[in-house]
Number of protein chains: 2
Amino acid sequence: MAGSPSSLLAAAASSSCAAISSRLPRGAPAAASIPSPSRHSCPPLRASPARRHQSRVVASAAPTMQPPAESKVSTVVDVDLGDRSYPIYIGAGLLDEPDLLQRHVHGKRVLVVTNTTVAPLYLEKVTWALTHNNPNVSVESVILPDGEKYKDMDTLMKVFDKAIETRLDRRCTFVALGGGVIGDMCGFAAAAFLRGVNFIQIPTTLMAQVDSSVGGKTGINHPLGKNLIGAFYQPQCVLIDTNTLNTLPDRELASGIAEVVKYGLIRDAPFFEWQEKNMSALLAREPSALAYAIKRSCENKAEVVAQDEKESGLRATLNLGHTFGHAIETGTGYGAWLHGEAVAAGTVMATDMSHRLGWIDESIKKRVVDILEQAKLPITPPESMTVEKFKSIMAVDKKVADGLLRLILLKGPLGSCVFTGEYDRKALDETLHAFCNN
Amino acid sequence: MAGSPSSLLAAAASSSCAAISSRLPRGAPAAASIPSPSRHSCPPLRASPARRHQSRVVASAAPTMQPPAESKVSTVVDVDLGDRSYPIYIGAGLLDEPDLLQRHVHGKRVLVVTNTTVAPLYLEKVTWALTHNNPNVSVESVILPDGEKYKDMDTLMKVFDKAIETRLDRRCTFVALGGGVIGDMCGFAAAAFLRGVNFIQIPTTLMAQVDSSVGGKTGINHPLGKNLIGAFYQPQCVLIDTNTLNTLPDRELASGIAEVVKYGLIRDAPFFEWQEKNMSALLAREPSALAYAIKRSCENKAEVVAQDEKESGLRATLNLGHTFGHAIETGTGYGAWLHGEAVAAGTVMATDMSHRLGWIDESIKKRVVDILEQAKLPITPPESMTVEKFKSIMAVDKKVADGLLRLILLKGPLGSCVFTGEYDRKALDETLHAFCNN
């Protein structure tokens, strides 16, 4: 049972420069953060139905506020969601610009949600940015333990406790300062506190900057599965200070790269090719390479989210490798593997399965393994993940519908994928047996 | 500091028959559930600005499905919220009509959330209604302990545990079978499970039928305050089988009447006058009187919610007496007083304060005390509630904005109120001291 044509959601939907809304703000050098040898170039528009459809529905350039003239913001990417639209600011040193952050704070009270690792590095700076020349605003903070294993209801309650004990009201703002775990938890807390208050994302890991801080997916884990409890809830803005990556451990950097690779594979072949040429620059933390990877990732995510905010179809393609990856994270105990590490191994498994189905060439499979190996990411699941363990955990995945597990699989040329439940079960079994012990 | 004219949100906004959308379905007798001597009659439309505004924005008659010709549904009230619109079915014996319930079930799996009191009475009947001639649907249930004191995160987790252990997916439907606590918890669980699944309200208490099941407010309590964690999340439908009131204890019946009285006071003077004449019929559970009180309450609530789903202003007026009432519930320990009992005492306090401010006549104050006494509801808070206890709990009320406590107070003729933070603090102090020990 091959995927039907109608399920081929993202094929031929690779990046369209005309349809996105990154902007160079006034005062920023024209190519400040874009490495010139490998600057992303748009392929010529093809007049396929999918392309036409995409060009029509990817909304762009929502009227969000421009940073001030002297700003260090090198890029603004708009996430266009009607009255829930918001800007993503990307640049080096943005936390040194109080105006940028302050304009998005609602009310007079702020609660910064962060963790024990990030607080010593950036809490003081963020508090300064919130209050500098702004005596009306007071800042509270709650410092959570660090790690995926604390992304649970007990830890979430600490955020509510702090918010209620310090008598925050509906006109307050929550600020997520940290990686994906902090962003997901702070966002869900903001969604549920008093049935919804404003929040701002300040992601400090590459993973959060290229993926989890954008698009409004928030939530916590359940012992039986990842992100099973949460909300779709959009922030007021995302503020990415690329300088925060200077303190990021190598393993965390690589974890973020797994999501960068994903965007290339599912919808942006030129971006994947750029990564193949620039992986050593990314691993060496060359600022212009990192800034470009972040910008292009945010643009891809913003395009997808603008078309399908609540994941009725297209948005699911952002989860390439994640069904296998979530099973690894759940099965090994949250935190043993970083999210991007699990996604990397999961991406190799999804690619392997796509190849077994005859949906992609051998060459794509090889390039996926090569680029993830170059990024020093795992390309197989841990030994403890048996076939049965994978199957039982994947059965509670959010993409199961009426009992049928739907997967994101590559199909067609590089940069094309499908989200489908119509695949030969034998291929899934073969992939699981190829990568796992029984 | 008297309330400014602009804060007079709900004045002159008493019920408008033209603007609501209750319908008599095909086959139902024209006045099956409306007591003829006291049938609600519309006052003539006045061309005041407030009236014109209301007539324009109260949307009505959304195209929802009609019950079948042989249906026992005596009334359908539509809650008009664009793509989140839904019908409220009101009638005796609706749980004997499988079609009505089944048409609103999405997917093949249902989770009924109920409690230890309601399950023995109605779980079997609801399961039958969901599955009769409908072999594709399977029903799970989770039976929670009964009572406001269990409206907490630990109990909520039992719903998630059951949903995940039984491998429900995004295409499932949650059904809330019980009173307000069950409805609020099941609704919040539905909002957060897999970031949102469909749900249906089957309220079995008068309180839930006239108020809490309608309008999409869901949530749980925090030890420091009522309903501080939750979501605005609308059901697919509300199914009110008035026969379920046959098993309701007298004290619970009176609790629901407190909210019925509220609608009259804040926006529907003719309804209040009807209640004054028909309170003994309500307390004697005369079916036609109960059905009319439920219908008119749902209509009032639907009108308000359609204008202000997320409580940016007008909707707050539905909380007359609730700020004082929530303080009583929190201060005495959840469950010591029923919600409506606390609201009744709170309503008397809000009325007293309105009178001290010179905003209402003495006669209204007297009528409020009289009608609540007739309903055997408390008209003073419990002795344990001191002035300081009230003040410290009210400081974390959701209606505090930038540190200012806003209250719903009566102002003007019967059926008129304001939601405002602009009142003389002395009046609040005087009311607290008049009703409480220091």
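Given the structure is predicted, the values throughout are model-derived calculations rather than measurements.

Digging into the overall build of chain A
Thinking step 1. Along its length, chain A carries 14 helices and 13 strands.
Thinking step 2. Looking at chain A residue by residue over its 438 residues, the buried ones come to 64%.
Thinking step 3. Partitioning the intrachain contacts of chain A with sequence separation of at least 6 by distance along the chain shows that 77% fall at a separation of at least 24.
Thinking step 4. Roughly 15200 Å² of accessible area belongs to chain A as shown, and the carbon and sulfur atoms make up 52% of that amount.

Some details on the interface of chain A and chain B
Thinking step 1. Taken together, the contact between chain A and chain B spans 37 residues of the former and 37 residues of the latter.
Thinking step 2. Between chain A and chain B, the buried area comes to about 3600 Å², and carbon and sulfur atoms account for 59% of it.
Thinking step 3. Broken down residue by residue, the surface that chain A buries against chain B is led by A:Arg170, A:Arg195 and A:Asp402, which jointly contribute 23%.
Thinking step 4. Counting across the chain A and chain B interface gives two salt bridges.
Thinking step 5. Between A:Glu311 and B:Arg170 there is a salt bridge whose closest N-O contact spans 3.3 Å.
Thinking step 6. Here chain A is connected to chain B by twelve residue pairs in polar contact (both at pLDDT 80 or more).

Observations regarding the UniProt feature "domain: 3-dehydroquinate synthase N-terminal" (unreviewed entry) in chain A
Thinking step 1. Sites flagged by UniProt as "domain: 3-dehydroquinate synthase N-terminal" (unreviewed entry) map to residues 142-254 of chain A.
Thinking step 2. Helix makes up 34% of residues 142-254 of chain A and strand makes up 29%, while its end C-alpha atoms are separated by 28 Å.

Regarding helix 12 (residues 362-374) of chain B
All names here are of chain B.
Thinking step 1. Here helix 12 contains 13 residues, and its C-alpha end-to-end distance of 18 Å stays within 8% of the 18 Å for a straight helix at 1.5 Å per residue.
Thinking step 2. For helix 12, the full list of buried residues reads Ile364, Val368, Ile371 and Leu372. All buried residues of helix 12 lie within an arc of 95° about the axis, which places them on one face of the element.
Thinking step 3. Close packing links the buried residues of helix 12 with helix 7 (250-267), helix 8 (269-283), helix 11 (339-356) and strand 12 (407-410).
Thinking step 4. Within two residues after helix 12, lysine 376 carries a phi angle of roughly 60°, on the positive side.

Quick notes on the relation of the copies chain A and chain B
Thinking step 1. Note on the identical chains: chain A maps onto chain B by a rotation of 180° and an axial translation of 0.0 Å, with an RMSD of 0.0 Å. Taken together, the rotation and translation describe the operation of a two-fold axis. Ranked by how close their C-alpha atoms come to the rotation axis, the residues of chain A are headed by A:Met153, at 4.1 Å.
Thinking step 2. A share of 100% of interface residues in chain A that are also interface residues in chain B marks the association as one of identical surfaces.

With respect to the nonpolar core
Thinking step 1. With 85 residues, the main nonpolar core has A:Ile88, A:Leu206, A:Phe324, A:Met353, A:Phe390, A:Leu409 and A:Tyr423 as its most contacted residues.
Thinking step 2. Contact partners of A:Phe324, with chain neighbours within four places excluded, come to A:Gly346, A:Met349, A:Ala350, A:Met353, A:Phe390, A:Met394, A:Leu428 and A:Leu432.
Thinking step 3. Counting 84 residues, the second largest nonpolar core, distinct from the first, contains B:Leu290, B:Tyr292, B:Val368 and B:Val418.

Side note on the packing of aromatic side chains
Residues and elements named next belong to chain A.
Thinking step 1. Evaluation of the coordinates by the stated rule reveals twelve aromatic pairs over all chains.
Thinking step 2. With a centroid separation of 5.7 Å and 25° between ring planes, the pair formed by phenylalanine 174 and phenylalanine 193 is classed as stacked. Placement of the pair is phenylalanine 174 in strand 5 (residues 173-178) and phenylalanine 193 in the loop between helix 5 (180-192) and strand 6 (198-203), with a sequence separation of 19 residues.
Thinking step 3. Looking at phenylalanine 174, the relative accessible area reads 0%, which means it is buried.
Thinking step 4. On the basis of relative accessibility, which here comes to 1%, the residue phenylalanine 193 falls in the buried class.
Thinking step 5. Their ring planes at 70° and their centres at 6.2 Å tell us that phenylalanine 324 and phenylalanine 390 sit as a pair that is edge-to-face. Of this pair, phenylalanine 324 sits in helix 10 (residues 322-331) while phenylalanine 390 is found in helix 13 (residues 387-394), placing the two residues 66 residues apart along the sequence.
Thinking step 6. Clustering of aromatic rings is evident, with ring pairs tying together Phe271, Trp274 and Tyr292.

Rules and cut-offs
- Residues numbered from 1 in each chain as written.
- Chains lettered and ligands numbered in written order.
- Predicted model: local features only at pLDDT ≥ 70, side-chain atom pairs only at ≥ 80, totals over all residues.
- Heavy atoms only, no water.
- Helix = DSSP H or I, 4+ residues; strand = E, 2+ residues; numbered from the N terminus.
- Buried < 20%, exposed > 50% of the residue type's maximum accessible area, 1.4 Å probe, protein only.
- Contact = heavy atoms within 4.5 Å.
- Areas by Shrake-Rupley, 256 points an atom, 1.4 Å probe, with all protein chains shown as cover.
- Buried area = accessible area lost by both parts, 1.4 Å probe.
- Salt bridge = Lys/Arg side-chain N within 4 Å of Asp/Glu carboxyl O.
- Polar contact = N/O pair within 3.5 Å; in protein donor to acceptor, adjacent residues only side chain to side chain.
- UniProt positions renumbered as here; feature names shortened; annotations may be inferred.
- Expected span 1.5 Å × (residues − 1).
- Arc of directions from axis to C-beta.
- Least-squares fit on C-alpha atoms with pLDDT ≥ 70 in both.
- Core = buried A, V, L, I, M, F, W, Y, C linked by side-chain atoms within 4.5 Å.
- Phe/Tyr/Trp six-rings, centres within 6.5 Å; stacked < 30°, edge-to-face > 60°.

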